[in-house]
Amino acid sequence: MVDGHQHVHHLPVLRQVMLDGIAPMAPRPAVRSTANLLGPGFAFKRFVIERSGGRALKRELVRRGLRHNACLLGAYDFVTADYRALMRQWLAQLPREGGMLFCHPAETAGAGDAIGDARLRELVYLESRAFVSDLAEAQVTLGAAWVRA
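A.B. asks: Would you mind showing me how to read the confidence of the model for the protein chain here?
C.D. replies: Atom-level detail of predicted coordinates should not be read off regions where pLDDT is low. When the pLDDT values of the protein chain are averaged, the result is 91; 98% of them are 70 or greater. Mean pLDDT across the elements of the protein chain ranges from a minimum in strand β5 (residues 146–147), with 78, to a maximum in helix α5 (residues 129–138), with 97.

So this is what it looks like as structure tokens:
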């Protein structure tokens, strides 16, 4: 899978370089699409990600017949303490064809890590029985969720 840190792979110049670079690969990797961000709140953050290159990237993925995710979940402010509540809302909005969650879990937060507390909260939840329960309640299973263009 091709995935640029902080979505940089969808920016105009980098997008073209990345797409041209994977064109001769066999098999061609899937590419993380940033065109359709679902979720509660944080509409401005989702808007910026989608409009700064996400939608143009998806048009190219479809044109080139590259596999990609139908939607992206996980945009939030990293301050919200109830990560489970956010996850339950993301799961409720997940389309039938699935999607991809971006998250940032970690066992420790390094000095100066602006989202260190959020990383710890995410890991605790993702390792919990509550996460397994929430997946079951939403009838969501983990696995590849690539759609053909």
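A.B. asks: I'm lost on the sheet that holds strand β3 (residues 72–73) in this one. Help?
C.D. replies: By way of backbone hydrogen bonds, the strands of a sheet pair with one another, either parallel or antiparallel. One open sheet holds the 3 strands; their spatial order is β1-β3-β4, and the pairing between them is parallel. Two strands lie at the open edges of the sheet, namely β1 (37–38) and β4 (100–101), each paired on one side alone. When β1 meets β3, the two strands line up parallel, connected through 2 bridges. The partner of Leu37 across the bridge, within β3, is Leu72.

A.B. asks: Quick question: what am I supposed to make of the side chain of His7 here?
C.D. replies: As for its placement among the helices and strands, His7 is situated in the segment before α1 (12–22). Looking at His7, the relative accessible area reads 12%, which means it is buried. Dropping the residues within four chain positions of it, His7 is found in contact with Arg32, Thr34, Ile49, Leu72 and Phe102.

Reading the values: the criteria
- Residues numbered from 1 in each chain as written.
- Predicted model: local features only at pLDDT ≥ 70, side-chain atom pairs only at ≥ 80, totals over all residues.
- Heavy atoms only, no water.
- pLDDT = per-residue confidence, 0-100.
- Helix = DSSP H or I, 4+ residues; strand = E, 2+ residues; numbered from the N terminus.
- Pairing = 2+ DSSP bridges.
- Buried < 20%, exposed > 50% of the residue type's maximum accessible area, 1.4 Å probe, protein only.
- Contact = heavy atoms within 4.5 Å.

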